[in-house]
Amino acid sequence: MNRTPAITTLINSAVLGPLGIVVLQRPERINALTREMLQELTDVLAAWRDDPQVSMVVLRGEGTRGFCAGGDIKDFHRAVTNGGHAGFLELLSLEFALDLMIANYPKPVITLVHGLCMGGGIGLASHASIRIATPEAEYAMPEVLIGYSPDVGATHLMSRAPGHLGEYLVLTAESFTGADAVELGFADMLVDQERFEEVIEALPDFESMPAADIAAGLEVFFGSFAASPLASARPWIDEAFGAPTLEAILGRLDAMAHPAAAAAAARMRANSPTSLECALRAVRAAREADHLPSALQRELRVADYLMHRDDLAEGIRARVIDKDRSPVWNPAGLAHVDREAIAAVIADPE
């Protein structure tokens, strides 16, 4: 028997047979996350965790533009320019706890990603047990563009990507396709968006099966294929982004004849030097630890550090508020980045 859906202005959750279905409902903002949305998602998943009727959970986003554009950046700007640092850090703690809940959920969680999936959207989508994306989906972790660093467990995910694709993506803030997401380990399979409803209709047939078996069955019945552009670019990316420091990475890029290398170097040089150092160290620390909870704790420490620096407010101003795309970073160059302070933030507590 179906239960009455719980509907708010931003979330629609319903139990339909064995399925718990949650839809992010803020399509005019590409389902950008608010504190209320994060809390309600947490509450719904907590309730369904022990509900015997719910066999599996489906999470998707309303609207044609995308699954989720991440956190609300304007809220972030208001927090860091009006003394709201502590409150926003609490919001991030809530979000990271939700991402960890999804990663450790005792029932299969199926995420359906279409269109844009950025920042916090990746936190919701890519820690799930069954991750479905359209070939045309556009993923991104663009934090270094605004003076911030990848969070929501993305440093853990990027650290597990083949070769040094993770470093490339966090340092350039380049977007990647659904096909790339499968290559990187951010998604498990590709399904054309017009078949999403068929997937949901088929899920009750897999009730009580392990997540791996559900994923295998879904791919057989609904999977599609698209080549990953990043896979073919790995030779030059690995050569450049495997270098030990930011300066060495840029030096290798500058020495390459490949036109994409010059574009990558230009993108890096446009980003916050402090954020670049934080992102590089965080991904490499996550690779060494290979532990999602510690990656999330490290990201929270980095967030606290960056929230009290000038670059974050300036980056959001330049990219989102005034949109002049001409941030003035402090410091402006890599030579003056406080690497000792960043190393202390990155280091895991004894």
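Calculation rules
- The numbers attached to residues start from 1 for each chain and follow its sequence in the written order.
- The model is predicted, so local features are restricted to residues of pLDDT at least 70 and side-chain atom pairs to those at 80 or more, both for listing and for counting; the totals for chains, interfaces and linings are taken over all residues.
- Here the side-chain values reflect all heavy atoms present in the structure, with hydrogen atoms and water set aside.
- Known as pLDDT, the predictor's confidence for each residue is given on a scale from 0 to 100.
- What makes two residues a contact is simply this: any of their non-hydrogen atoms within 4.5 Å.
- Lining residues are those with an atom within 4 Å of a point, where the points come from a 1 Å grid over the protein atoms alone and group into cavities, where a 1.4 Å probe fits but cannot get out, or pockets, open sets with protein on both sides within 12 Å along at least five of seven lines.
- Grid points are joined across faces, edges and corners, and a volume is the space filled by probe spheres set on the points.
- By definition, any uninterrupted DSSP run of H or I lasting at least four residues is a helix, any uninterrupted run of E lasting at least two residues is a strand, and each is numbered from the N terminus.
- Residues are sorted three ways: Asp, Glu, Lys and Arg are charged, Ala, Val, Leu, Ile, Met, Phe, Trp, Tyr, Cys and Pro are nonpolar, and all the rest, Gly among them, are polar.
- Just to be clear on terms, a salt bridge is a Lys or Arg side-chain nitrogen sitting within 4 Å of an Asp or Glu carboxyl oxygen.
- Whether a residue is buried, partly exposed or exposed follows from its accessible area with a 1.4 Å probe, protein chains only, as a fraction of its type maximum: under 20%, in between, or over 50%, in that order.

Engineer: I'd like a rundown of the confidence of the model for the chain, residues and numbers included.
Structural biologist: With 98% of its residues at a pLDDT of at least 70, the chain reaches an overall mean of 95. Of the regions scoring below 50 in pLDDT, residues 1-5 engages in 10 contacts with residues more than four places distant in sequence or in other chains.

Engineer: Break down empty space enclosed by the protein for me, with residues and values.
Structural biologist: Unoccupied space between atoms shows up once a probe the size of one water molecule is rolled over them. For the structure on display, the rule yields 1 cavity of 30 Å³ or more. Here the largest cavity is characterised by a volume of approximately 60 Å³. What lines the largest cavity is Val-22, Leu-41, Leu-45, Val-57, Val-58, Leu-59, Leu-98, Ile-102, Val-109 and Leu-124. Of all elements in the fold, only helix H1 (35-49), strand S4 (56-61) and helix H3 (85-103) reach the threshold of two or more residues within the lining of the largest cavity. By residue number, the principal contributor to the lining of the largest cavity is S4, which donates 3 residues.

Engineer: Requested: an account of the layout of surface pockets, with residues and values cited.
Structural biologist: In this structure, the largest pocket spans a volume of roughly 1,200 Å³. In terms of lining residues, the largest pocket is bounded by 46 residues, among which Ala-69, Ile-73, Met-118, Pro-142 and Val-320 are the most central. Among the elements of the structure, H1, helix H2 (73-81), H3, strand S7 (116-118), strand S9 (138-140), helix H12 (259-270) and helix H15 (310-321) are those that each provide at least two residues to the lining of the largest pocket. For the lining of the largest pocket, a count of residues per class yields 23 nonpolar, 8 polar and 15 charged.

Engineer: Tell me about the pattern of salt bridges, and name the residues and values.
Structural biologist: The tally for this structure, following the rule as stated, stands at 20 salt bridges. Close ionic contact of Arg-195 with Glu-198 constitutes a salt bridge, the shortest N to O distance being 3.1 Å. A relative accessible area of 26% places Arg-195 in the partly exposed class. Since its relative accessible area comes to 34%, Glu-198 is described here as partly exposed. We note a salt bridge from Arg-317 to Glu-314, for which the minimum N-O separation is 2.9 Å.

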